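# Tertiary structure, described
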Amino acid sequence: MATNTLPKVLSIGGFDPSGGAGLQIDILTLLQIGVHPLTAVTAITIQNSFTVKEVYPVSTQTLAEQLEIVIDDYQVEAVKIGMLADRKIVEIVAGFLEKSKFKYVVVDPVIKATSGTCLLRSDALSLFKERVVPLSTILTPNLLEASELVGFSVKSIEDMEKAAQIIYRLGAAWVLVKGGHLSGCECTDILYGGNILSRFPGSRAEPKDVRGTGCILASALAGYLAQGKPVIESVELARGFTLGKIKTAQKIGRGRPQAV
Ligand code: PLP
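The numbering scheme is per chain: residues are counted from 1 as the chain's sequence reads. Whole-chain, interface and lining totals are the exception, using all residues; otherwise, since this is a predicted model, local features are given only for residues with pLDDT of at least 70 and side-chain atom pairs are given and counted only at 80 or more. Working from all heavy atoms in the structure, the side-chain values ignore hydrogens and water.

The subject of this paragraph is the state of the cysteines. Throughout this description, disulfide means a covalent bond between two cysteine sulfur atoms. Put simply, a disulfide is two cysteine sulfurs that come within 2.5 Å. Taken as a whole and judged by the stated rule, the model has zero disulfides. Lacking any disulfide linkage, Cys 215 is separated from the closest cysteine sulfur, that of Cys 118, by 15 Å.

Right, let's get into the environment of Met 160. Assignment of secondary structure puts Met 160 in helix α6 (residues 157-169). Sequence separation between Met 160 and Ala 146 is 14 residues, and the spatial gap between their C-alpha atoms is 7.8 Å. Contact between two residues is taken to exist if any of their heavy atoms lie within 4.5 Å; hydrogens are not considered. The contact partners of Met 160, leaving out residues within four places of it in the chain, are Leu 143, Val 154, Val 177, Lys 178, Gly 179, Leu 182, Thr 188, Asp 189 and Ile 190. The helix count covers DSSP runs of H or I at least four residues long, the strand count covers runs of E at least two residues long, and both are numbered beginning at the N terminus.

This part is about helix α4 (residues 125-132). Classification of residues uses two cut-offs on accessible area relative to the type maximum, computed with a 1.4 Å probe and protein chains only: under 20% is buried, over 50% is exposed, and between them is partly exposed. Among the residues of α4, those classed as buried are Leu 125, Leu 127, Phe 128 and Val 132. Here the buried residues of α4 occupy an arc of 155° about the axis, which is enough to place them on one side. Against the buried residues of α4 lie α3 (87-100), β5 (104-107) and α5 (143-150). Here, the arc refers to the directions that run from the helix axis to the C-beta atoms.

What follows covers the site of the ligand. Around the ligand there are 13 residues in total, and Gln 47, Thr 114, Gly 212, Cys 215 and Arg 256 lie nearest to it. Within the side chain of Thr 114, a nitrogen or oxygen atom sits 2.8 Å from an oxygen atom of the ligand. Here a polar contact means two N or O atoms within 3.5 Å. Within protein one must be a hydrogen donor candidate and the other an acceptor candidate, and residues neighboring in sequence count only if both atoms are side-chain atoms. Within the side chain of Arg 256, an N or O atom sits 3.0 Å from an oxygen atom of the ligand. In these tables, accessible area is a Shrake-Rupley quantity obtained with a 1.4 Å probe, and a residue counts as shielded only by the protein chains included in the view. Protein contact buries 89% of the 390 Å² of open area that the ligand shows by itself. Residues are grouped as follows: Ala, Val, Leu, Ile, Met, Phe, Trp, Tyr, Cys and Pro are nonpolar; Asp, Glu, Lys and Arg are charged; every other residue, Gly included, is polar. Grouping the amino acids of the shell around the ligand by side-chain chemistry returns six nonpolar, five polar and two charged. Residues are labelled near a given molecule or strand when at least one of their non-hydrogen atoms is within 4 Å of it.

Here Ser 11 lies in strand β1 (residues 8-15). For Ser 11, a relative accessible area of 0% puts it in the buried group. For Ser 11, the side chain forms a polar contact with the side chain of Asp 26, separated by 2.6 Å. Dropping the residues within four chain positions of it, Ser 11 is found in contact with Leu 23, Asp 26, Leu 38, Thr 39, Ala 40 and Lys 80.

This part takes up the pairing of strand β8 (residues 189-192). Here β8 shows two buried faces, one formed by Asp 189 and Leu 191 and the other by Ile 190 and Tyr 192. One bridge is not enough; two strands pair if DSSP finds at least two bridges between them. Judged from the three bridges that link them, strand β7 (residues 174-177) and β8 form a sheet pairing that is antiparallel. Bridge pairing links Val 177 to Ile 190 in β8. Note that β8 and strand β9 (residues 197-200) share four bridges and pair antiparallel. Residue pairing in the sheet places Asp 189 in a bridge with Phe 200 of β9.

Pasting the structure below:
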């Protein structure tokens, strides 16, 4: 029997029964990029293409056991962190990352769904900043998430550059602030890594409201890093991959389009 030699990415995040966001879109992304997806579920979300109706975090034991059994067997080249739901889950994931010392940890600081539902309880944010942010190879906030992390409203490219530097000082090795929600038709992303501050210009792609684009970008980044590509090249490739997924998104349910 052949041995599978694909690099492996462990995605830790929320389960979305409709497949537009969270672990399901991470799996789709990772397979399309050519890495093997491993997953650990932090919370079951009750959602469809219109809304996130409910979030049920799993027990800490359920999460800890998933992480343990995966790591006992597989060599993981990169970890992608998505929705963490609450303080107890943040604690388990932080402890796991601290103990396991992965080469690449891509963190999508998921805080709120587009529909407004809270995906990280507000009392978990300070622990997330203290314990998870410093373990990130790259952290990928959108404007809202960057605003929550720095405590001021991030609205312009200049704000994004300032926010990226502040988040970097919290301990993330690289920070990619995504400009998809900038007003107007520009959606420049900002990458900061201490000595490097880069602008990645882009124009807004259609359709505008594709679900799970943050999940796709962060998974793609983890996939490219797992394949051994350098950070800046991985960012460029992941942006390109995500843009492609936006352009080819389809209406699967009756609400927002999703990637296929
Ligand atoms: N559900 C899960 C499990 C997620 O991880 C995310 C975002 O990361 C969302 C929902 C929100 O997706 P959207 O912002 O496209 O509504």
